[in-house]
Amino acid sequence: MANIIVGVTGGIAAYKAAELVSLLGKQGHDVRCIMTEAAQQFITPLTLQTLSGNPVYTNMFQLQQNPEWKVEHIGLAHWADCVLIVPATADFLGKVANGLADDLLSTCVMATEAPVYFAPAMNDKMYQNPFVQRNIQILRESGYGFVDPVEGNLACGTSGKGKMASVEQIADVVNTLRPQDLAGMRFVITAGPTRESIDPVRFLTNHSSGKMGYALARQAAYRGADVVLISGPTHLAVPFGVTMIPVTSAQQMFEAVQAHFQDADVIIKSAAVADYRPKTVAAQKIKKTDGDMVLELERNADILAWLGEHKTTQLLVGFAAETNDVAENALGKLARKHLDFIAANDVSAAHSGFGKDTNQVTLYGADGSTVALPILSKDETANRILDKILEKRKEQII
Ligand code: PMT
């Protein structure tokens with residue numbers, strides 16, 4: 001786990017720095033906070049000290065807090081694996097872009113060799129200001145990273161692009177510091193359910209939350225892969241560094257997969273795709289009658305089977321969501337759809353499958369291999385599947 005400096009500057013979004021420090025701590029990182037004088041007008045050092053479990057640094061000239069360090073800002077700068085500036089005000093961006101170092105945080109940013117990321121937060125007009133944009137450009141060109149602000153309601157009562165990115169997105173940055181063992185590999189991953197319209201207000205769908213597919217996309221991106229995530233409707237945030245292609249129906253997912261599969265090295269189909277769709281979609285809301293109703297369905301394309309027929313060098317990984325005869329059904333799909341691997345999960349088990357935070361999968365390979373994974377978080381399950389894919393890819397290249 002990493003040593004992280006969270007540098008807090010003086011904007012209303014400073015209160016979110018507290019949430020970030022708490023989240024990073026829960027993820028197992030060691031966090032130390034540096035606050036500018038203006039930041040202390042918004043939240044107190046005591047809050048960050050309590051949440052980080054470490055002293056908070058506020059003053060260039062206060063007596064040494066860590067006796068191991070000869071000079072505090074240099075000691076902190078060397079200690080850090082990553083520096084996150086949350087929020088980054090226009091003033092602080094301008095200061096760093098112009099080489100000014102007049103307080104503890106700016107001196108530490110100047111002195112560190114660790115990656116530094118800014119999460120700007122300000123009024124949208126301030127953010128668009130040409131001087132601010134010029135400073136951001138200078139910083140980007142100098143190798144500093146950004147977690148860009150998003151559109152939203154701003155503290156000043158207006159709305160526009162200037163709202164700080166979510167703390168989850170900012171925390172994600174730290175994870176990209178992991179070993180980049182999937183660098184250079186291009187993944188297409190599908191996730192979530194599809195929705196098959198019946199009329200303008202109704203649809204057929206399933207219980208997929210997207211958690212498994214998003215975990216795969218997130219972990220692959222953390223490990224340096226280029227990831228295209230083709231997702232049906234979910235409530236999940238787009239993982240950091242992932243190219244997201246939102247779709248609704250199975251047909252749209254099919255078209256998106258067809259558009260991207262040629263460029264991929266690996267395709268993972270964790271989406272729960274509807275096998276059938278209503279034969280006709282009513283243009284207007286279907287009115288109820290006293291009698292029963294019969295809905296005629298027609299087959300959707302089997303995207304994975306199509307991929308199995310058309311793949312060339314791509315590694316193809318499917319999932320099997322089963323409620324009975326898990327191994328037998330999964331092995332049937334592995335062979336019929338010409339897959340390299342299939343991850344079988346028993347979706348009737350308490351800790352596994354739809355909507356859960358954990359999963360238990362057995363990974364069957366076309367090479368006869370079987371890896372039975374224990375109950376793991378979906379992120380950990382994703383990493384184990386990615387490890388196996390990497391191993392196979394290396395064999396292919398050799
Ligand atoms: O999203 P979560 O809530 O985290 O839940 C995760 C999950 C249970 C959805 C996931 O782990 C999973 O098992 N996904 C596959 C679900 C599924 O559709 O299984 P299946 O056995 O019906 O299909 C087998 C494979 O064919 C799957 O890879 C599926 O994406 C693919 N398929 C199915 C039908 C179809 N028309 N086209 C397809 O490509």
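These numbers were taken from a predicted model, which means no experiment stands behind them.

**Thoughts on the layout of surface pockets**
Of the voids in this model, the largest pocket is the one considered here, and its volume is about 820 Å³. If you list the elements that add at least two residues to the lining of the largest pocket, you get helix 9 (211–222), helix 11 (303–310), strand 17 (315–322), helix 12 (326–336) and strand 18 (341–346). Here the residues of the lining of the largest pocket sort into 16 nonpolar, 13 polar and 10 charged. What the second largest pocket holds in volume is close to 440 Å³.

**A few points about the pairing of strand 10 (residues 196–199)**
The pairing of strand 10 with strand 11 (residues 202–204) spans 3 bridges and is classified as antiparallel. Across the sheet, the residue bridging to Glu196 is Leu204, located in strand 11. Hairpin connection, strand 10 to strand 11: the antiparallel pair is bridged by 2 residues.

**Here's the deal with the sheet that holds strand 18**
The mixed open sheet is built from 8 strands, whose spatial order is 13-12-9-14-17-18-20-21. A strand with exactly one partner marks an edge of an open sheet, and here the two such strands are strand 13 (243–246) and strand 21 (370–372). The sheet shows a mean angle of 15 degrees between the axes of neighbouring strands, taken without regard to direction. Examined bridge by bridge, strand 14 (residues 266–269) and strand 17 share 4 bridges and lie parallel to one another. Each bridged residue has a counterpart across the sheet, and for Val266 the counterpart in strand 17 is Leu315. Together, strand 9 (186–191), strand 12 (226–231), strand 13 and strand 14 form the strand contacts of helix 10 (residues 250–260), whose direction differs from that of strand 12 by roughly 160 degrees. Against the sheet, helix 13 (residues 378–397) contacts strand 9, strand 14, strand 17, strand 18, strand 20 (361–365) and strand 21, and its axis sits at roughly 145 degrees relative to strand 17.

**Examining the domain arrangement of the protein**
Split into domains, the protein comes out as domain 1 (3–176) and domain 2 (180–397). Computed from C-alpha coordinates alone, the two centres of domain 1 and domain 2 are separated by 37 Å. Every contact between the two is made by 5 residues of domain 1 and, on the other side, 6 residues of domain 2. When the two sides are added together, the surface that domain 1 and domain 2 hide from each other amounts to roughly 560 Å², 60% of it contributed by carbon and sulfur. Looking only at domain 1, the three residues that lose the most surface to domain 2 are Asp172, Asn175 and Thr176, adding up to 70% of its buried area. One can count 0 salt bridges joining domain 1 with domain 2. Where domain 1 touches domain 2, the interface holds 3 residue pairs in polar contact (both at pLDDT 80 or more).

**Considering the site of the ligand**
Around the ligand, the structure places 29 residues, and the nearest of them are Ser208, Ser209, Lys333, Asn345 and Gly355. In the model, an oxygen atom of the ligand is placed 2.9 Å from a nitrogen or oxygen of the Leu304 main chain. For the ligand, whose unbound accessible area comes to 770 Å², protein coverage reaches 95%. Among the detected pockets, the ligand sits in the largest pocket. Only helix 9, helix 11 and strand 17 provide two or more residues apiece to the shell around the ligand. The greatest single-element share of the shell around the ligand, amounting to 4 residues, is contributed by strand 17. Looking at the shell around the ligand residue by residue, the class counts come to 13 nonpolar, 9 polar and 7 charged.

**Considerations on the side chain of Thr381**
Residue placement: Thr381 occurs in helix 13. Among residues more than four places away in sequence, those in contact with Thr381 are Met212, Asn359, Val361, Leu373 and Leu376.

**Digging into the packing of helix 3 (residues 72–79) against helix 5 (residues 104–111)**
Running from amino to carboxyl end, helix 3 crosses helix 5 at an angle of 50 degrees, the nearest separation of the two axes being 8 Å. As summarised for this structure, helix 3 and helix 5 are arranged oblique, according to the angle between their axes. The way helix 3 lies across helix 5 gives a crossing that is right-handed. Here His73, Ile74, Leu76 and Ala77 of helix 3 come into contact with helix 5, specifically with Leu104, Thr107, Cys108 and Ala111. Looking at side-chain class alone, the contact of helix 3 with helix 5 contains 6 nonpolar, 2 polar and no charged residues.

**Some words on the packing of helix 10 against helix 11**
Relative to each other, helix 10 and helix 11 sit at 20 degrees, their axes nearing to 10 Å. On the basis of their axis angle, the class for helix 10 and helix 11 is roughly parallel. The hand of the helix 10/helix 11 crossing is right-handed. On helix 11, the residues that touch Ala250, Met253, Phe254, Val257 and Gln258 of helix 10 are Ile303, Trp306 and Leu307. Here the residues of the contact of helix 10 with helix 11 sort into 7 nonpolar, 1 polar and no charged.

So, how was this worked out
- Residues numbered from 1 in each chain as written.
- Predicted model: local features only at pLDDT ≥ 70, side-chain atom pairs only at ≥ 80, totals over all residues.
- Heavy atoms only, no water.
- 1 Å grid on protein atoms, 1.4 Å probe; cavity = no way out; pocket = protein on both sides within 12 Å on 5 of 7 lines; lining within 4 Å.
- Points joined across faces, edges and corners; volume = space filled by probe spheres on them.
- Helix = DSSP H or I, 4+ residues; strand = E, 2+ residues; numbered from the N terminus.
- Nonpolar A, V, L, I, M, F, W, Y, C, P; charged D, E, K, R; others polar.
- Pairing = 2+ DSSP bridges.
- Axes fitted to C-alpha atoms, helices over the stretch in contact; angles between N-to-C directions.
- Contact = heavy atoms within 4.5 Å.
- Domains from an automatic or database assignment.
- Buried area = accessible area lost by both parts, 1.4 Å probe.
- Salt bridge = Lys/Arg side-chain N within 4 Å of Asp/Glu carboxyl O.
- Polar contact = N/O pair within 3.5 Å; in protein donor to acceptor, adjacent residues only side chain to side chain.
- Near = heavy atom within 4 Å.
- Areas by Shrake-Rupley, 256 points an atom, 1.4 Å probe, with all protein chains shown as cover.
- Sits in = over half its atoms within 2 Å of the grid points.
- Parallel < 35°, antiparallel > 145°, perpendicular 65-115°, else oblique.
- Left-handed = near helix turned anticlockwise from the far one by under 90°.

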